[in-house]
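An overview of the molecular structure
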Amino acid sequence: MLLTEQAPSTPKNTVGCVLVVEDEAIIQEAIALSLREEGYSVLLAEDGYSALQIAKAAARLDLVILDVMLPSINGLDFCRILRHEGNNVPVLMISARGNESDRIVGLEVGADDYLSKPFGMRELVARCRALLRRSRRDFVATNATVYKFGDITMYPDECRVTINETEINLSPKEFRLLDLFMSHPRRVWSREQLLEKVWGVDFVGDSKTVDVHIRWLREKIEVDPSDPKHIVTVRGFGYRLG
């Protein structure tokens, strides 16, 4: 059921446009009020199907706050569909399921951050700010250099990567990870260093998100992701290129 107060076109003079997908009215209203007080434009949906329609139709969408347990299409499936369609809008997943395995599943299906219920509205707003800051930096080219490593060629100023001259599609985080590795070949990066460089010092999520994004990156650039030759694990230290 669509709960937006207007059609999914949004004002231009706002901090950002946030889609809140939550079927509990009290929680939905509290989140919407907190965001509007901070200057965000807010779109509302109470089920996954309506949320997908809004995501496709919105003239501007900067962030999705997504409950896991939803009618029609649950939050995990919503996120899978969104990413499958190539939509890289940042997703903050919220759920009463807060154990480690649930957080990992949320990150693996494409969420950028995971917040367990109950949570404070100040923390939620802070996480929204952090996600928006990082997403707006994601595709800023670092320089005009062309990097080559084996069959991989990277064009940082064009945000473009090819393997054997065939272009591949990378998410913003995957691109920034590969950019960091290719600009520093053979250097070993710890998870903490990768979080700081790619996600930013204000990242408040789990360091396991690095492992999840490394796995996704390997699936796109490795011949055999289970036996990687490009992004190599240095046991006890982190990851390196080559």
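Residues numbered from 1 in each chain as written. Predicted model: local features only at pLDDT ≥ 70, side-chain atom pairs only at ≥ 80, totals over all residues. Heavy atoms only, no water.

1. Some details on the nonpolar core
Counting residues in each nonpolar core, the largest one holds 27 residues, and the members touching the most others are Leu178 and Phe181. Counting residues per element, the ones that place at least two in this core are strand 6 (147–149), strand 7 (152–155), strand 8 (160–163), helix 6 (172–183), helix 7 (191–199), helix 8 (208–221) and strand 11 (238–241). For this core, the leading source of residues is helix 6, giving 6 residues. Setting aside residues up to four positions removed in sequence, Phe181 forms contacts with Trp189, Leu194, Ile214, Ile231, Tyr239, Arg240 and Leu241. In this structure, Ile54, Val91, Val109 and Ala111 belong to the second largest nonpolar core, which totals 26 residues. (Core = buried A, V, L, I, M, F, W, Y, C linked by side-chain atoms within 4.5 Å. Buried < 20%, exposed > 50% of the residue type's maximum accessible area, 1.4 Å probe, protein only. Helix = DSSP H or I, 4+ residues; strand = E, 2+ residues; numbered from the N terminus. Contact = heavy atoms within 4.5 Å.)

2. What to know about the pairing of strand 1 (residues 17–21)
Residues in a regular strand project their side chains so that they alternate between the two faces of the sheet. Counting buried positions along strand 1 yields 5 of 5 residues, so the element is predominantly enclosed. For strand 1 and strand 2 (residues 41–45), the ladder comprises 5 bridges, and the chain directions are parallel. Its bridge partner being in strand 2, Val21 is matched across the sheet by Ala45. Handedness of the strand 1-helix 1 (residues 25–37)-strand 2 crossover: right-handed. Bridge count between strand 1 and strand 3 (residues 63–67): 4 bridges; the pairing is parallel. By the bridge assignment, Val18 is partnered in strand 3 with Leu63. (Pairing = 2+ DSSP bridges. Right-handed = clockwise from strand over helix to strand, strands pointing away.)

3. Details of the sheet that holds strand 8
The strands that make up a sheet pair up through hydrogen bonds in the backbone, lying either parallel or antiparallel. With antiparallel pairing, the 4 strands of this open sheet are ordered in space as 6-7-8-9. The sheet terminates laterally at strand 6 and strand 9 (166–168), the two strands that pair on one side only. When strand polarity is set aside, the average angle formed by the axes of neighbouring strands in this sheet is 25 degrees. Across 4 bridges, strand 7 lies against strand 8 in antiparallel orientation. Across the sheet, residue Met154 finds its bridge partner in strand 8, namely Val161. Contacts between helix 6 and the sheet are confined to strand 6, strand 7 and strand 8, with strand 7 contributing the most and set at about 105 degrees to the helix. (Axes fitted to C-alpha atoms, helices over the stretch in contact; angles between N-to-C directions.)

4. Overview of the sheet that holds strand 2
With respect to topology, 5 strands assemble into an open sheet ordered 2-1-3-4-5, the strand pairing being parallel. Where the open sheet ends on each side, the last strands, each with one partner, are strand 2 and strand 5 (113–116). Geometrically, the sheet is characterised by an average inter-axis angle of 20 degrees between neighbouring strands, direction not taken into account. Strand contacts of helix 2 (residues 48–57): strand 1 and strand 2, with the helix running at about 140 degrees to strand 2, the strand carrying the most contacts. Those strands touched by helix 3 (residues 75–84) are strand 3 and strand 4 (91–95), and its axis lies near 170 degrees from that of strand 4.

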